[in-house]
Amino acid sequence: MSHELENKQPLWTGDYYNEGMNAGESIFDKLGEECGVFGVWGHGDAASLCYYGLHALQHRGQESAGICTNDNGTFHYYRGMGLVKEVFNNNNLKDLKGSNAIAHVRYSTAGESKLVNAQPLVFKYRGGDLAIATNGNIVNAKELRQQLESQGSIFQTSSDTEVLAHLIARSEHNDIVTAVKHALKQLVGAYAFLIQTQDTLIAALDPNALRPFAMGQLGDAYLFSSETCAFDTVGASYVRDVHAGEMIIFQQGHEMRIESYTEAKNKAVCAMEYVYFARPDSDIDTVNIHAARKRMGKLLAIEAFTDADVVTGVPDSSISAAIGYAEQTGIPYELGLIKNRYTGRTFIEPSQELREQGVKMKLSAVRKVVEGKRVVMIDDSIVRGTTSLRIVNLLREAGATEVHVRISSPPFQNPCFYGIDTPTRKDLIAATHTIEEIRKAINADSLYFLSKQGMLDGIGLGSNGEPNGGCCTACFDNHYPTPVGDEDEIKACC
Ligand code: SF4
């Protein structure tokens, strides 16, 4: 080998695109999604509505899915591991009779992915049957669990949700609505709950409105969903968001009631829902996700313009911001990166020979688009930095002459205690590196993160004087809207 070649630094620092991954791991070093809940009150085929609703919420959790129907006081339920389409079929759906139902898709961290934790969780208590589905995380679950165990409670699952069931069951109040209120008051954290008994369905949201939760209507039936995109899927119309500290109650023989179980605190809707988690066709607090991302892209262009030939977005969550960046700068938006949607959740590790050829299972660069071009690559966030490095190198391999990375949110520096599966602080690259060090680590020609104000202006919630425009921004600024525990105690959601 000549001396010249020996000294040449390869641009591509890994052997192949999946380097360092174990079979079954997600290739995208992204934050773990949360969970999704869906509920129906008063529709002849509640289970089918839940099935389609869960399909629309599948991006929020792929570990397990479940539906619990209420057929005039008799519960039927089915839960399974895997995607909604893998768990449910015509046979098990037809057994789920009833006009009321609650349903769930779950994301969980490794080790907790067990059927016993799949939701809705169903219990028998002194008032009859009780089913609960939730999205979020109870920050004080561990203390509450210890207290309950010391009083004799025996837990069946490792899920936070069971804490609520025990609090309801042990309540001194026989009336379910009062018992739920009493139980919710003891919780700290972020949660959107659907609680079903033999004659009642309650939707409840945490006092800061951290998690998204909306109500819809289909004919005379009422629906609840983590995201409004599920209403469109089943042909329902949006009615309103569930508000902070609120319970919406449906009870056999009664009109719908809306009650506060506690004083609403400062609104703190999860900013990352707008940046990354939610589907672009959903609205949270009446703000459309695609429109918010596009505004963030435009503001990013104003804050960090760079002359380039094409703008591209990392699919799928960064495409809206890339369109905004392109519109603002006049640089053409192009599909420079393509995601292969059919790789599934597990794949066989490529042989060494295929590794050397550079197997790109999930993402490819479009050579004809980027070859010889200066590329602005928009991404929504950088977590560990490994994904960004892979994607920058993909673009370089395909012939991009420069890769300028623009991130449509501020540096992600702090873990989430509210149901988003984040690495610990020491694994968050922005918590341990300067921007320049990150730029080098991801092999970019330049790197810029959108400012916090830019992100909040892009979201544009129009707050009533709440801090951070009504958003939670704790993972960016370390200002948590509730008391939080020890970082080591963070549990996965649900
Ligand atoms: S800490 Fe970040 S991810 Fe967690 S709720 Fe707040 S904004 Fe969302």
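Residues numbered from 1 in each chain as written. Predicted model: local features only at pLDDT ≥ 70, side-chain atom pairs only at ≥ 80, totals over all residues. Heavy atoms only, no water.

Asker: How would you summarise the packing of helix α6 (residues 161-170) against helix α7 (residues 176-184) if you had to cite specific residues and measurements?
Answerer: Two elements in contact, α6 and α7, have axes whose closest approach is 8 Å; the angle formed by their N-to-C orientations is 125°. Taken together, α6 and α7 sit at an angle that is classed as oblique. Regarding α6 and α7, the two cross each other, and that crossing is right-handed. Contacts between α6 and α7 involve L164, L167 and I168 on the former and, on the latter, I176, A179, V180, A183 and L184. (Axes fitted to C-alpha atoms, helices over the stretch in contact; angles between N-to-C directions. Helix = DSSP H or I, 4+ residues; strand = E, 2+ residues; numbered from the N terminus. Parallel < 35°, antiparallel > 145°, perpendicular 65-115°, else oblique. Left-handed = near helix turned anticlockwise from the far one by under 90°. Contact = heavy atoms within 4.5 Å.)

Asker: Account for the packing of helix α5 (residues 141-150) against α6, naming residues and giving values.
Answerer: For the pair α5 and α6, the least separation of the axes is 10 Å and the interaxial angle reads 45°. In terms of orientation, α5 and α6 fall into the oblique class. The two elements α5 and α6 meet at a crossing, and its hand is left-handed. Taken together, the residues of α6 that come into contact with α5 (itself represented by A141, L144, R145 and L148) are V163, H166, L167 and R170. Its residues assigned to classes, the contact of α5 with α6 shows five nonpolar, one polar and two charged. (Nonpolar A, V, L, I, M, F, W, Y, C, P; charged D, E, K, R; others polar.)

Asker: Outline the environment of T69, listing residues and values.
Answerer: When you line up the elements, T69 lands in strand β2 (residues 64-71). For T69, a relative accessible area of 0% translates into the label buried. Note: C-alpha distance between T69 and K97 (28 residues apart in sequence) is 6.4 Å. Setting aside anything within four residues of it in sequence, one finds T69 in contact with A47, T74, F75, H76, L96, K97, N100, A101 and Q196. A distance of 2.7 Å separates a polar atom in the side chain of T69 from the backbone oxygen of K97. (Buried < 20%, exposed > 50% of the residue type's maximum accessible area, 1.4 Å probe, protein only. Polar contact = N/O pair within 3.5 Å; in protein donor to acceptor, adjacent residues only side chain to side chain.)

Asker: Explain the side chain of R293 to me, and be specific about the residues and the numbers.
Answerer: For R293, the position within the fold is in helix α10 (residues 289-303). As a buried residue without a salt bridge, R293 has its nearest oppositely charged side chain in D380, at a separation of 6.8 Å. At 2.7 Å, the side chain of R293 forms a polar contact with the backbone oxygen of Y274. In this view, R293 contacts E273, Y274, V275, Y276, F277, A278, P280, S317, S320 and A321; residues no more than four positions away in its chain are not counted. (Lys, Arg positive; Asp, Glu negative; His and termini not counted. Salt bridge = Lys/Arg side-chain N within 4 Å of Asp/Glu carboxyl O.)

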